Amino acid sequence: MRRLSEMKPGQNTTLFTSDLSVNEFLLVREAGFSPLGMVLGSSIYHVGFQFGRWSKNQELETLSGAMYHARELAMTRMEAEADMLGADGIVGVRLEIEFKEFGNDLAEFIAIGTAVKADERGAWRNNQNKPFTSDLSGQDFWTLIQSGYAPLGMVMGSCVYHIAHQRFWQAMSNVGQNVEIPQFTEALYDARELAMSRMQAEAEHLQAEGIVGVQLLSLPHRWGGHTTEFFSIGTAIRPLREDHHIAKPQLVLPLVDS
């Protein structure tokens, strides 16, 4: 709290901190935003256990809820720090998970990014009156603003899924053959669909036009080969104006030896 209060605009110090690269920092400034400081949120969470039926494809809803809630806590605390700085948004957000050695079921969920404030007044906050969040690079953020779009917030969906085991005779019948395993296909398809639909529901709640930079990750964590988290995340965006001036790509050749 003391660190953040000393970094508010108007204080004696003009120091800011940022995890942006030099190029990203300059492009964010070119887009019309000034960095205020690094903000972070953390949640050390006990991830419980849930049994899945050996031969059944099923979502493990208890674990899905835990993984989502832990990330949400970290994100909310990061947004609260940005709010204290009077920020309009947070750029370059990273979401990380680290399982701790002092507890097999304990994981730290961390959200970290750079709080920024627009040089000119504008309605940059989202419809929840929170600073926007974006995991886009500084280059992508600049391109987005220049083209007439603005980020609303990071949206995500999580699904922890138990993939059924094959019975012995099923597994033996597949030996030496090229053959699809329908129960595996259906399980992975269903799990990805659940994660994607939850991410899209969050974007609809923000009244977004679309989601860019979507990542769909498969994260096994420590649950074994037949239980996997499917996690989707992206940046929801809205139009700033009706006309969009999109710069034409240009060929650039580096002047370095390969």
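Placed above this text is the structure.
The present account deals with the structure reproduced in this document.

What counts and what doesn't
Residues numbered from 1 in each chain as written. Predicted model: local features only at pLDDT ≥ 70, side-chain atom pairs only at ≥ 80, totals over all residues. Heavy atoms only, no water. Helix = DSSP H or I, 4+ residues; strand = E, 2+ residues; numbered from the N terminus. Buried < 20%, exposed > 50% of the residue type's maximum accessible area, 1.4 Å probe, protein only. Contact = heavy atoms within 4.5 Å. Areas by Shrake-Rupley, 256 points an atom, 1.4 Å probe, with all protein chains shown as cover. Pairing = 2+ DSSP bridges. Axes fitted to C-alpha atoms, helices over the stretch in contact; angles between N-to-C directions. Core = buried A, V, L, I, M, F, W, Y, C linked by side-chain atoms within 4.5 Å. Expected span 1.5 Å × (residues − 1). 1 Å grid on protein atoms, 1.4 Å probe; cavity = no way out; pocket = protein on both sides within 12 Å on 5 of 7 lines; lining within 4 Å. Points joined across faces, edges and corners; volume = space filled by probe spheres on them. Phe/Tyr/Trp six-rings, centres within 6.5 Å; stacked < 30°, edge-to-face > 60°. Lys NZ or Arg CZ within 6 Å of the ring centre and 35° of its normal.

## Description of the overall build of the protein chain
Now for step 1: In terms of regular secondary structure, the protein chain is built from 6 helices and 8 strands.
Now for step 2: Secondary structure of the protein chain in N-to-C order comes out as α-α-β-β-α-β-β-β-α-β-α-α-β-β.
Now for step 3: Out of the 258 residues belonging to the protein chain, those deemed buried represent 40%.
Now for step 4: At a minimum sequence separation of 6, the contacts of the protein chain that also span at least 24 residues come to 75%.
Now for step 5: Surface exposure of the protein chain reaches about 14900 Å², of which carbon and sulfur atoms provide 53%.

## Here we look at the sheet that holds strand 1 (residues 33–46)
Strands in a sheet are paired, the pairing made by backbone hydrogen bonds, and the direction either parallel or antiparallel.
Now for step 1: On the basis of which strands lie adjacent, the open sheet formed by 4 strands has the order 1-4-3-5 and mixed pairing. Bordering the open sheet on either side are strand 1 and strand 5 (132–133), each of which pairs with just one other strand.
Now for step 2: Note that strand 3 (residues 89–99) and strand 4 (residues 106–118) share 9 bridges and pair antiparallel. Residue pairing across strands places Glu 96 opposite Ile 110, the latter belonging to strand 4.
Now for step 3: Seen against the sheet, helix 2 (residues 22–30) touches strand 1, strand 3 and strand 4 and runs at an angle of roughly 120° to strand 1.
Now for step 4: Packing of helix 3 (residues 61–84) onto the sheet brings it into contact with strand 1, strand 3, strand 4 and strand 5, and relative to strand 1 it is tilted by some 145°.

## Things to note about the nonpolar core
Now for step 1: Grouped together as the largest cluster of nonpolar side chains are 28 residues, with contacts concentrated most on Val 39, Met 78, Phe 109 and Ala 115.
Now for step 2: Those elements that provide at least two residues to this core are strand 1, helix 3, strand 3, strand 4, strand 6 (149–162) and strand 8 (227–239).
Now for step 3: In terms of residues, this core owes the most to one element, helix 3, which gives 8 residues.
Now for step 4: Filtering out sequence-adjacent residues up to four positions away, Ala 115 remains in contact with Ser 34, Pro 35, Leu 36, Gly 37, Val 39, Ala 82, Leu 85, Ala 87, Gly 89 and Ile 90.
Now for step 5: Of all hydrophobic cores here, the second largest spans 12 residues; its members include Leu 20, Val 28, Ala 118 and Trp 124.

## Examining the sheet that holds strand 7 (residues 210–219)
Now for step 1: Pairing is antiparallel in the open sheet, where 4 strands are placed in the order 2-6-8-7. At either margin of the open sheet sits one strand with a lone partner, and together these are strand 2 (58–59) and strand 7.
Now for step 2: Bridging between strand 7 and strand 8 involves 8 bridges; their strand directions are antiparallel. Paired with Leu 217 across the strands is Phe 231, a residue of strand 8.
Now for step 3: The strands touched by helix 3 are strand 2, strand 6, strand 7 and strand 8; relative to strand 6, the strand with the most contacts, the crossing angle is about 150°.
Now for step 4: Along the sheet face, helix 6 (residues 182–205) touches strand 2, strand 6, strand 7 and strand 8 and points at about 150° away from the line of strand 6.

## Re helix 3
Now for step 1: Taking 1.5 Å of rise per residue, 24 residues should cover 34 Å, and helix 3 covers 34 Å from first to last C-alpha, within 8% of that figure.
Now for step 2: All of the buried residues in helix 3 are Leu 63, Ser 64, Ala 66, Met 67, Ala 70, Arg 71, Ala 74, Met 75, Met 78, Glu 79, Glu 81 and Ala 82.
Now for step 3: Looking one or two residues past helix 3, Gly 86 carries a phi angle of roughly 75°, positive in sign.

## What about helix 6?
Side chains that are three or four residues apart share a direction in an α-helix, a result of its 3.6 residues per turn.
Now for step 1: Over its 24 residues, helix 6 runs 34 Å from end to end, which matches the ideal 34 Å to within 8%, given 1.5 Å per residue.
Now for step 2: Directly after helix 6, the chain includes Gln 207, whose backbone phi takes a positive value near 60°.

## Quick look at the environment of Leu 240
Now for step 1: Inspection of the secondary structure assignment puts Leu 240 in the segment after strand 8.
Now for step 2: Assessed through its relative accessible area of 34%, Leu 240 is described here as partly exposed.
Now for step 3: Sequence spacing of Leu 240 and Gly 148 is 92 residues, and the spatial spacing of their C-alpha atoms is 5.1 Å.
Now for step 4: Beyond its immediate sequence surroundings of up to four residues, Leu 240 is in contact with Trp 124, Ile 145, Gly 148, Tyr 149 and Ala 150.

## A few points about the layout of surface pockets
Now for step 1: The space that makes up the largest pocket amounts to roughly 390 Å³.
Now for step 2: What lines the largest pocket is a set of 18 residues, and nearest its centre among them are Glu 72, Glu 79, Lys 130, Met 154 and Glu 202.
Now for step 3: Within the residue set of the lining of the largest pocket, elements represented by two or more residues are helix 3, strand 6 and helix 6.

## Observations concerning the packing of aromatic side chains
Now for step 1: The tally for this structure, following the rule as stated, stands at 5 aromatic pairs.
Now for step 2: For the ring pair Phe 33 and Phe 141, a centre distance of 5.3 Å and an interplane angle of 65° mean the geometry is edge-to-face. Here the residue Phe 33 occupies a position in strand 1, and Phe 141 occupies one in helix 4 (residues 138–146), the gap between them amounting to 108 residues.
Now for step 3: A relative accessible area of 1% places Phe 141 in the buried class.
Now for step 4: Here the aromatic cluster, defined as three or more aromatic residues joined through ring pairs, consists of Phe 33, Trp 124, Phe 132 and Phe 141.
Now for step 5: Lying over the aromatic face of Phe 231, Arg 71 brings its terminal NZ or CZ to 3.8 Å of the ring centre.

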